[in-house]
Amino acid sequence: FKQSTGLAPRQFLLARRIAFAKSWLRETDLPISEVAHRVGCPNQSHFSTLFHRFAAMTPRMFRQRC
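Residues numbered from 1 in each chain as written. Predicted model: local features only at pLDDT ≥ 70, side-chain atom pairs only at ≥ 80, totals over all residues. Heavy atoms only, no water.

Q: Tell me what's going on with the packing of helix H2 (residues 9-27) against helix H4 (residues 44-55), and back it up with residues and numbers.
A: Where H2 meets H4, the closest approach of the two axes is 10 Å, and the angle between their N-to-C directions is 100 degrees. It follows from the interaxial angle that H2 and H4 lie roughly perpendicular. Between H2, through Gln11, Leu14, Ala15, Ile18, Ala21, Lys22 and Leu25, and H4, the contact on the second element is made entirely by Phe47, Leu50, Phe51, Phe54 and Ala55. Residue composition of the contact of H2 with H4, grouped by class: ten nonpolar, one polar and one charged. (Axes fitted to C-alpha atoms, helices over the stretch in contact; angles between N-to-C directions. Helix = DSSP H or I, 4+ residues; strand = E, 2+ residues; numbered from the N terminus. Parallel < 35°, antiparallel > 145°, perpendicular 65-115°, else oblique. Contact = heavy atoms within 4.5 Å. Nonpolar A, V, L, I, M, F, W, Y, C, P; charged D, E, K, R; others polar.)

Q: Now, about H2: what can you tell me, with residues and values included?
A: Here H2 contains 19 residues, and its C-alpha end-to-end distance of 27 Å stays within 8% of the 27 Å for a straight helix at 1.5 Å per residue. Among the residues of H2, Leu14, Ile18, Ala21 and Leu25 are the ones counted as buried. The buried residues of H2 occupy an angular sector of 60 degrees when projected down its axis, which confines them to one face. With respect to the buried face of H2, the exposed residues turned more than 90 degrees away are Pro9 and Glu27. Residues of H2 that are buried in the fold lie against helix H3 (32-38), H4 and helix H5 (59-65). (Expected span 1.5 Å × (residues − 1). Buried < 20%, exposed > 50% of the residue type's maximum accessible area, 1.4 Å probe, protein only. Arc of directions from axis to C-beta.)

Below, the structure is given as structure tokens:
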């Protein structure tokens, strides 16, 4: 799997979830907590930490810049 995608399976899944989250943050007015729920995070805090790791900014900052 890693040879094909360049990422371990878990990292690939997390990257896809963050891609979906970016799309929802950019294209909708959903609350960040709802976006977190939709991508499978147990709470908004966990989502913010995960999002920051992949996007180098918080979900709120991302939404404000888009």
